[in-house]
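Inside the fold
This is what each chain is made of:
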Amino acid sequence: MKVHVDMNLCQSHGECAIVAPDVFHLGDDDVLVWHDDVPEDRRAAVEEAVNACPMAAISIEDE
Amino acid sequence: MSTPRLDRLVIVGASLAGLRAAQSARKAGFEGELTLVGDERHMPYTRPPLSKDLLAGSQTVADTALRLAKLEAGWRLGQPAAKLDRTAHQLTLADGTTLPYDRLILATGCRARQWRGPGAELDGVHTLRTVEDALALKSALTPGTRLVIVGAGFIGCEVAASARKLGLEVTVVDIAPHPMLPLGAELGARCAALHERHGVQLRCGVGIEAILGTDRAEAVALSDGGELAADAVLLALGAEPNVEWLAGSGIEIGAGVVCDATLTSTVDADVLAAGDLAAWPQALADGQPMRIEHWTVAAEHGTAAGRNALLAPEERLPHTQPPYFWSDQFDCKIQSVGLPMLADRLEIVDEEPDTGRLIATGERHGRLVAAVAFNHARRLMDYRTQLAESVGAAR
Ligand SMILES: Cc1cc2nc3c(=O)[nH]c(=O)nc-3n(C[C@H](O)[C@H](O)[C@H](O)COP(=O)(O)OP(=O)(O)OC[C@H]3O[C@@H](n4cnc5c(N)ncnc54)[C@H](O)[C@@H]3O)c2cc1C
Ligand code: SF4
């Protein structure tokens, strides 16, 4: 599954990094870094991150 | 013990908390009838842009829609719930239709606090809670207009920032000694400096007596005898919970709908509450029930209540995440975690005077209860984790 974050929307709230720390984290410069190719067994956590993001910046792209 | 029937889940309030509750119940496997009742005509939308990007023009109304994904639910929009009969397990809507439920989630949130002083009814006097409010306010924000904002809380401060960006003359009045009162005097002084640096006139420690004008607001009369000329006035006096419709239902009402840690009503295990409406025990405040008006709390509450509503009371999980909040004002992102308003000591632990970045911690009786950051997201995360661990929060 592909994870996309719209960096024009992301405002470094870090919700995603709390819900799915293995996929998302905030770098020291406060900028979000994430894995864009995520194993299927983490889908539930990424979906939770999608709902937790206040900016609706995260989306899942199924191939 | 026989399991009670759980075919019908009804959610009252079709905004953030209500939507998240519906999504979470479906995700947890609920296959019965799911109905959302909302008195606004709109599908769920997000409010934070109403004082920020939508006002400033960098987002449209369409951008504020919350994504529904593939939610299967019935929607009763444009219709408030008027009465709750717990014995009959039934809601009555304002048009008289009834709606039976097995479990009910209350998520009717808040409205803008009204001010009933002289002149409150004049044209050009605004409050801000809904998308209609935001559009009305936006149409008044033309360059050169004089805007007086009453209330220097987060909405007042955010609108001040948006309005300055649009080239308005902005004055903010508050009876409190500094803006952003819950953040304490030291951080409040930094907020005041931020606004003054960007050309906002701040009048702290003074109240308003009246709004003057014949048809339209023309000026605001202050308690110190002064007067401020105004083309538009925003009353940003905080929010009050939409609880009146529950009168007579026997639901315990305190600061809001009083719940236990699992967001279950203290008087009825078939009724749960979520979001701005719910008062639930705060682990950081010795279990005292409090109502918290934060976006993330409403989202987390909805998720927890939707899941818990499907379970027997003894299986429900407590919601203990420390509250997280953000506010954007000019180039400053203010973030807080925990309960800064309860701190008896707020200490700035790191500050870069050149950039305005800072991080502060709040303690109560020597225990960490809050952290506040200005443009310091990464550092705030560390405190968020620490606070969550200190109260044993589980997700
Ligand atoms: C302008 C603005 C900016 C904000 N900015 C931020 C921010 O930057 N950061 C942050 O953390 N938080 C922010 N917030 C707060 C955040 O938006 C709220 O915490 C959140 O909206 C709460 O969601 P809720 O679903 O609990 O309640 P609400 O969003 O208040 O929704 C309750 C819904 O229930 C409906 N309703 C009421 N009575 C009835 C009834 N009897 N029957 C049926 N429906 C009913 C209401 O019409 C409403 O649609 C902001 C709020 C506003 C107004
Ligand atoms: S939750 Fe959303 S806004 Fe926050 S860091 Fe993640 S993607 Fe960015």
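Sequence order sets the numbering: in each chain, residues are counted from 1 along the sequence as written. Naming scheme: in the order in which they are written, chains are lettered from A and ligands are numbered from 1. In keeping with the model being predicted, local features are shown solely for residues with a pLDDT of at least 70 and side-chain atom pairs are shown and tallied solely at 80 or more, while totals for entire chains, interfaces and linings include all residues. Side-chain metrics in this entry use all non-hydrogen atoms of the structure; hydrogen atoms and water are not considered.

Side note on the interface of chain B and chain A
The contact criterion used is simple: two residues touch if any of their non-hydrogen atoms lie within 4.5 Å. Taken residue by residue, the interface counts 20 residues in chain B and 24 residues in chain A. By buried area we mean how much accessible surface two parts lose on assembly, using a 1.4 Å probe and totalling the loss over both. Counting each side, the surface lost to burial between chain B and chain A is near 1,800 Å², with a carbon and sulfur contribution of 46%. Counted as salt bridges are all cases of a side-chain nitrogen of Lys or Arg within 4 Å of a carboxyl oxygen of Asp or Glu. Joining chain B to chain A, the criterion identifies four salt bridges. Here B:Lys27 ties to A:Glu47 by a salt bridge, and the two come within 3.3 Å at their closest N and O atoms. For this analysis, a polar contact is any N or O atom pair within 3.5 Å, provided that within protein one partner can donate a hydrogen and the other can accept it, and provided that sequence-adjacent residues contribute only side-chain to side-chain pairs. At the boundary of chain B with chain A, the tally comes to 11 residue pairs in polar contact (both at pLDDT 80 or more). When residues in the side of chain B that touches chain A are grouped by element, the largest group, four residues, is from helix H7 (residues 377-390) of chain B. Each residue gets one of three labels, nonpolar for Ala, Val, Leu, Ile, Met, Phe, Trp, Tyr, Cys and Pro, charged for Asp, Glu, Lys and Arg, and polar for the others, Gly among them. A per-class count over the side of chain B that touches chain A returns five nonpolar, five polar and 10 charged. Numbered from the N terminus, helices here are DSSP runs of H or I no shorter than four residues, and strands are runs of E no shorter than two.

Structural notes on the confidence of the model for chain B
For every residue, the predictor assigns a confidence score, pLDDT, that lies between 0 and 100. When pLDDT is averaged across chain B, the result is 95; 98% of the residues are at 70 or more. Across the assembled chains, the prediction reports ipTM 0.88 with pTM 0.96.

Here we look at the pattern of salt bridges
If the charged atoms of two oppositely charged side chains come close together, the side chains can form a pair. This structure, assessed with the given rule, holds 27 salt bridges over all chains. Residue A:Asp28 pairs with B:Arg378 through a salt bridge whose shortest N-O separation is 3.6 Å. Pair noted here: A:Asp28 is in the loop between strand S2 (24-26) and strand S3 (32-34) and B:Arg378 is in helix H7, and the two residues belong to different chains. Summary of the burial criterion: residues with accessible area below 20% of their type's maximum are buried, those above 50% are exposed, and those between are partly exposed, where the area comes from a 1.4 Å probe applied to protein chains only. When its relative accessible area of 67% is taken as the criterion, A:Asp28 is described as exposed. According to the relative accessible area criterion, B:Arg378 is partly exposed, its value standing at 25%. For the salt bridge of B:Asp276 with B:Arg129, the shortest nitrogen-to-oxygen distance reads 2.9 Å. Of this pair, B:Asp276 sits in the loop between strand S19 (271-273) and strand S20 (278-282) while B:Arg129 sits in the loop between strand S9 (125-126) and helix H3 (131-140); the two residues are 147 residues apart in sequence, bridging distant segments of the chain.

Observations concerning the nonpolar core
Residues and elements named next belong to chain B. Each nonpolar core is a collection of buried residues, namely Ala, Val, Leu, Ile, Met, Phe, Trp, Tyr and Cys, held together in the definition by side-chain atoms within 4.5 Å. Membership of the largest hydrophobic core comes to 66 residues, with the highest contact counts inside it found for Val12, Leu91, Leu104, Ile105, Leu106 and Val257. Where a domain begins and ends is set by an automatic assignment or by a domain database. Both domain 1 (8-111 + 240-315) and domain 3 (331-394) contribute no fewer than three residues apiece to this core. Excluding residues within four positions of it along the chain, Ile105 makes contact with Leu9, Val10, Ile11, Val12, Ala21, Leu272, Ala274, Ala305, Gly306 and Ala309. Counting residues in hydrophobic clusters, the runner-up holds 39 residues, among them Leu50, Ala161, Leu183 and Ala360.

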